[in-house]
Number of protein chains: 2
Amino acid sequence: MKSDLKQTEPTQLCAVDYAFKRIGGKYKARILWYLSMKGVLRYGELSRTLPDITTKMLTQTLRELEEDNLIIRKMYHEVPPKVEYSLSETGQELIPFIAHLHHWGKKHIEKEASTSQAILDERTKVCQSVCGTD
Amino acid sequence: MKSDLKQTEPTQLCAVDYAFKRIGGKYKARILWYLSMKGVLRYGELSRTLPDITTKMLTQTLRELEEDNLIIRKMYHEVPPKVEYSLSETGQELIPFIAHLHHWGKKHIEKEASTSQAILDERTKVCQSVCGTD
DNA sequence: TATCTTACCTACTAAAAGGTATGTATTGCT
DNA sequence: AGCAATACATACCTTTTAGTAGGTAAGATA
């Protein structure tokens, strides 16, 4: 398929881009963020912390984060199964930046909130119960 | 379609999530990053700075960034047309975090590079010519 | 008058990401 | 023997995002 040109594909690989690929995706940053808040979370706990994620996506996302060495998966050979997730060192390195994002996001959500208060109160409450109020 | 339940959809809106939505997407962070490096860039300059983006995506992405008040679009009524893009104040606020990401990414690219040197040299060069070596 | 330049626009198509629904494994408990 | 608990797996489908290929406008210049 369209073989001829650009066989080597020297698409620029910007560091920003590279980083984004590792933590992009709908849930990755949030999972890292929650893990940094809680330290260690079991699969089920994560699932309850992110009520809008399906088990398929949760598993898939966790796998990707693990492959990228951002989180550590520790499984206990028990029944029923028990698996714990926590941040790796590399993952920890990303927390300050996610914190910055969180701060920035919070600020701008509040700005927007001046127009539509009620809805936001409802929508942010789950997150706040995890993240703390500040 | 699946009307009954969850009519209000109080999907949690995490600040991290919110922020990610505003700068997620394949090119957004990179555009912001380049704009922070260069200050002001014309449409064509941006296009040349990100050689892998099509005009369709560039325009679309710029529009989204503008709607989100992250960049400022200044058009001169000349022919041929001239349009300049720069960071808004809100956009500027994101730079420290993108810088952090860039730093982190660079570090890990280099780590990986120990295995596959040549390819990376090639792939990072465009970005470095824009971003500087550090 | 034809051509050039710049900054777009617009169908249409392809690929990636995410969602739904259902199934599996193990073993302790009743 | 049957059920519950936990952490998944997998096939299939929908939505979102991105890419392709072409076109437009308008004045400046040859």
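Keep in mind that what you see is a predicted model, and the values were worked out from it rather than measured. (Residues numbered from 1 in each chain as written. Chains lettered and ligands numbered in written order. Predicted model: local features only at pLDDT ≥ 70, side-chain atom pairs only at ≥ 80, totals over all residues. Heavy atoms only, no water.)

### Re empty space enclosed by the protein
- A full pass over the atoms with the stated rule returns 1 cavity of 30 Å³ or more.
- Computed from the structure, the largest cavity encloses a volume of approximately 30 Å³.
- Listed by contribution, the elements that provide at least two residues to the lining of the largest cavity are α1 (15–23) of chain A together with α2 (28–38) of chain B.
- For the lining of the largest cavity, a count of residues per class yields 4 nonpolar, 1 polar and 4 charged. (1 Å grid on protein atoms, 1.4 Å probe; cavity = no way out; pocket = protein on both sides within 12 Å on 5 of 7 lines; lining within 4 Å. Points joined across faces, edges and corners; volume = space filled by probe spheres on them. Helix = DSSP H or I, 4+ residues; strand = E, 2+ residues; numbered from the N terminus. Nonpolar A, V, L, I, M, F, W, Y, C, P; charged D, E, K, R; others polar.)

### Comments concerning the protein's contact with DNA strand C
- Contacts to DNA strand C come from 21 residues, most closely from K26(A), K56(A), T59(B), R73(B) and Y85(B).
- Backbone sugar and phosphate groups make up 70% of those atoms of DNA strand C lying within 4 Å of the protein.
- The separation between a base oxygen of DNA strand C and a polar side-chain atom of K56(A) is 2.4 Å.
- At the level of secondary structure, the elements contributing two or more residues to the surface near DNA strand C comprise α4 (55–67) of chain A together with α3 (43–49), α4 (55–67) and β3 (82–87) of chain B.
- No other element matches the 4 residues that α4(B) contributes to the surface near DNA strand C.
- In terms of residue class, the surface near DNA strand C is built from 8 nonpolar, 5 polar and 8 charged. (Near = heavy atom within 4 Å. Polar contact = N/O pair within 3.5 Å; in protein donor to acceptor, adjacent residues only side chain to side chain.)

### Description of the sheet that holds strand β2 (residues 71–76) of chain A
All names here are of chain A.
- Taken in spatial order, the 3 strands make up an open sheet running β1-β3-β2, and their pairing is antiparallel. The sheet terminates laterally at β1 (40–42) and β2, the two strands that pair on one side only. For this sheet, the mean inter-axis angle between neighbouring strands, taken without regard to orientation, is 25°.
- For β2 and strand β3 (residues 82–87), the ladder comprises 6 bridges, and the chain directions are antiparallel. Looking at the pairing, M75 lines up with V83 of β3.
- With respect to the sheet, helix α2 (residues 28–38) is in contact with β1, β2 and β3, its orientation differing from that of β3 by roughly 95°.
- Each of β2 and β3 is contacted by α4, which is oriented at about 115° to β2, the strand it contacts most. (Pairing = 2+ DSSP bridges. Axes fitted to C-alpha atoms, helices over the stretch in contact; angles between N-to-C directions. Contact = heavy atoms within 4.5 Å.)

### Let's talk about the pairing of β3(A)
Residues and elements named next belong to chain A.
- In terms of burial, β3 is largely enclosed, as 5 of its 6 residues are buried.
- With 3 bridges joining them, β1 and β3 adopt antiparallel strand pairing. Counterpart to R42 in the pairing with β3 is E84.
- The antiparallel hairpin formed by β2 and β3 contains 5 residues in its connecting segment. (Buried < 20%, exposed > 50% of the residue type's maximum accessible area, 1.4 Å probe, protein only.)

### So, the protein's contact with DNA strand D
- Surveying the vicinity of DNA strand D reveals 21 residues, the closest of which are R63(A), R73(A), Y85(A), K26(B) and K56(B).
- For DNA strand D, the backbone makes up 67% of the atoms found within 4 Å of the protein, where backbone means sugar plus phosphate.
- Within the side chain of R63(A), an N or O atom sits 2.8 Å from a phosphate oxygen of DNA strand D.
- Within the side chain of K26(B), an N or O atom sits 2.8 Å from a phosphate oxygen of DNA strand D.

### Comments concerning the sheet that holds strand β1 (residues 40–42) of chain B
Residues and elements named next belong to chain B.
- Across the sheet, which stays open at both edges, the 3 strands sit in the order β1-β3-β2 with antiparallel pairing between neighbours. Each of the sheet's edge strands pairs with one partner strand only, and the pair in question is β1 and β2 (71–76). Shown here is a sheet whose adjacent strand axes are inclined to one another by a mean of 25°, direction ignored.
- Lying over the sheet, α2 contacts β1, β2 and β3, oriented at roughly 95° with respect to β3.
- On top of the sheet, α4 reaches β2 and β3; it is set at about 115° to β2, its chief contact.

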